[in-house]
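# Observations on the three-dimensional arrangement
Residues per chain are reported as follows:
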Amino acid sequence: MRIATWNVNSLKVRLPQVLDWLAKHRPDALCLQEIKLEDANFPEAAIRAAGYSAAFSGQKTYNGVAILSREPAANIAFGIDGLDDPQRRVISADVGGLRLVCAYVPNGQSLDSDKYQYKLNWLAAFATWLEGELAAHARVAVLGDYNIAPEDRDVHDPKAWEGHVLVSPRERDAFRRLIDLGFRDSFRLFEQPEKSYTWWDYRMHGFKRNLGLRIDHILLGRDLAANCAACSIDLEPRRHERPSDHAPVVAEIES
DNA sequence: ATGGCTTGAGTGTCAAGA
């Protein structure tokens, strides 16, 4: 089984690239973040024509998440139980015997911002809720844009990023708390190239110079991690014209 | 130190991303 995550930074703009990617890679499920459109404008027909069904939770302008899957998703759930959040950042569903959680973690903006507090509160609620999800479901995978680079090796220039969001100790503690619930970072189950990243700033030729961060992750519950055969970052879409600033991450699960 | 791009809003130019 192939599962993937991709922050597309507007599904309206990136729809042709998403359809191309689905045709080329034929994942069983693709989790999308930052679709940036209301449910009424979700391009369901085009996705169905590509052989995929969609579960989605969108809003105007910001955020928005979706799970595209070859077999229709079941038991679709929205948001985080216990967190009253108008921002559309989490959708979950059963696909192929897996419980998939698609998440778009808040950015936080800066360490002195209200949005940073929101991010930390959000992550605390997310962890508490995921603990219950792990107890309730045998095979849980949490895919998405975590907006956290877990370690210095996930940052092109740790010195330059000191004092910024995405790398702060409190965010990394929050990520570690997720791991401690019983998840594995599927990317780190395997030997990987040095300087592997999933996001590069649009400015300053960030991608060309590989000035990136690894902030998109696929976390697998322990039993699922034991069946993970591969995990990789697909750099190809980031080379396109009008790319998303994020690259897809793909994991292979043996049934 | 700042801004460098991109998107959506909406038709000026700003907020937000990371």
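To keep things clear, this report deals only with the structure shown in the data block. (Residues numbered from 1 in each chain as written. Chains lettered and ligands numbered in written order. Predicted model: local features only at pLDDT ≥ 70, side-chain atom pairs only at ≥ 80, totals over all residues.)

## As for the overall build of chain A
Filter applied, for reference: Secondary structure elements are defined from DSSP: runs of H or I of at least 4 residues count as helices, runs of E of at least 2 residues count as strands, and each element is numbered from the N terminus. In this description the radius of gyration comes from C-alpha coordinates, and the expected globular size is given by 2.2 Å times residues to the power 0.38. Put simply, a residue is buried when 20 or more other C-beta atoms lie within 10 Å of its own C-beta and exposed when 12 or fewer do; between those, it is partly exposed, and each C-beta is set from the backbone. Note on contacts: residues are paired as contacts if their backbone-placed C-beta atoms lie within 7 Å.
Broken down by element type, chain A carries 6 helices and 14 strands. Whereas a compact globule of 255 residues would reach a radius of gyration of roughly 18 Å, chain A reaches 17 Å, a difference of no more than 12%. Structurally, chain A occupies a C-alpha span of about 45 × 45 × 40 Å along its principal axes. When each of the 255 residues of chain A is scored for burial, the buried share is 43%. Sequence-distant contacts in chain A: of pairs separated by 6 or more residues, those separated by 24 or more amount to 67%.

## Brief notes about the sheet that holds strand 4 (residues 65-69)
Our working rule: Paired strands are those between which DSSP finds at least two bridges. Axis definition: a line fitted to C-alpha atoms, over the contacting stretch in the case of helices. Angles run 0 to 180 degrees between N-to-C directions.
Taken together, 6 strands build an open sheet; the order of strands is 3-4-2-1-14-13 and the sheet is mixed. Edge positions in the sheet fall to strand 3 (53-57) and strand 13 (228-233), since each of these pairs with one other strand and no more. Each adjacent strand pair in this sheet contributes to an overall mean axis angle of 15 degrees, direction not counted.

## Some remarks on the sheet that holds strand 7 (residues 98-104)
The sheet built from 6 strands is open, its strands ordered 5-6-7-8-12-9 with mixed pairing. The open sheet has two edge strands, strand 5 (74-78) and strand 9 (183-185), and neither has a second partner. Along the sheet, successive strands turn relative to each other by an average axial angle of 20 degrees, direction set aside. Relative to strand 8 (residues 140-145), strand 7 runs parallel, the two sharing 6 bridges. Each residue of the ladder has a partner; that of L100, found in strand 8, is A141. Packing against the sheet, helix 3 (residues 114-136) makes contact with strand 7, strand 8 and strand 12 (216-221), and its axis sits at approximately 145 degrees to strand 8.

## What to know about helix 3
Rule in force here: Given a helix with a known number of residues, its expected span is that number minus one, times 1.5 Å.
Spanning 23 residues, helix 3 covers 33 Å between terminal C-alpha atoms, matching the ideal 33 Å at 1.5 Å per step. In this fold, the buried residues of helix 3 make contact with strand 8 and helix 5 (169-180).

## Brief notes about the nonpolar core
Selection criterion: Throughout this description, the term nonpolar core refers to a group of buried Ala, Val, Leu, Ile, Met, Phe, Trp, Tyr and Cys residues whose C-beta atoms join them within 7 Å.
Residues L32, A66, I67, L100, C102 and A141 are the most contacted members of the largest nonpolar core, which totals 72 residues. Considering each element in turn, this core owes the most residues, 6 residues, to strand 7. Residue contacts for A66: discarding those within four places in its chain leaves L32, I35, A54, A55, F56 and I91.

## Quick notes on the pairing of strand 1 (residues 2-7)
Stated formally: Whether a crossover is right-handed comes down to one check: with the strands pointing away from the viewer, does the path from the first strand over the helix to the second run clockwise; if it does, it is right-handed.
With 5 of its 6 residues buried, strand 1 lies for the most part within the structure. Here strand 1 pairs with strand 14 (residues 249-253) via 4 bridges, running antiparallel. Counted as the bridge partner of I3 is A251 from strand 14. Pairing analysis gives 5 bridges linking strand 1 to strand 2 (residues 29-33), with the strands arranged parallel. Across the sheet, residue N7 finds its bridge partner in strand 2, namely Q33. For the crossover that starts at strand 1, traverses helix 1 (residues 11-25) and ends in the parallel strand 2, the hand is right-handed.

## Describing the protein's contact with DNA strand B
Stated formally: Being near a molecule or strand means, for a residue, that its backbone-placed C-beta atom lies within 6 Å of it. Lys, Arg, Asp and Glu make up the charged group, whereas Ala, Val, Leu, Ile, Met, Phe, Trp, Tyr, Cys and Pro make up the nonpolar group; the residues left over, Gly among them, are polar.
Around DNA strand B, 22 residues are found, and the nearest of them are S10, T61, N107, Y202 and R203. Partitioned by chemical class, the residues of the surface near DNA strand B number 7 nonpolar, 7 polar and 8 charged.

## Notes on the environment of N9
Structurally, N9 is set in the loop between strand 1 and helix 1. The exposure class of N9 is partly exposed, given the 19 C-beta atoms found within 10 Å. Along the chain, N9 and L178 lie 169 residues apart, while their C-alpha atoms are 25 Å from each other. Other than its neighbours up to four places away in sequence, N9 contacts R14, E34, S244, D245 and H246.

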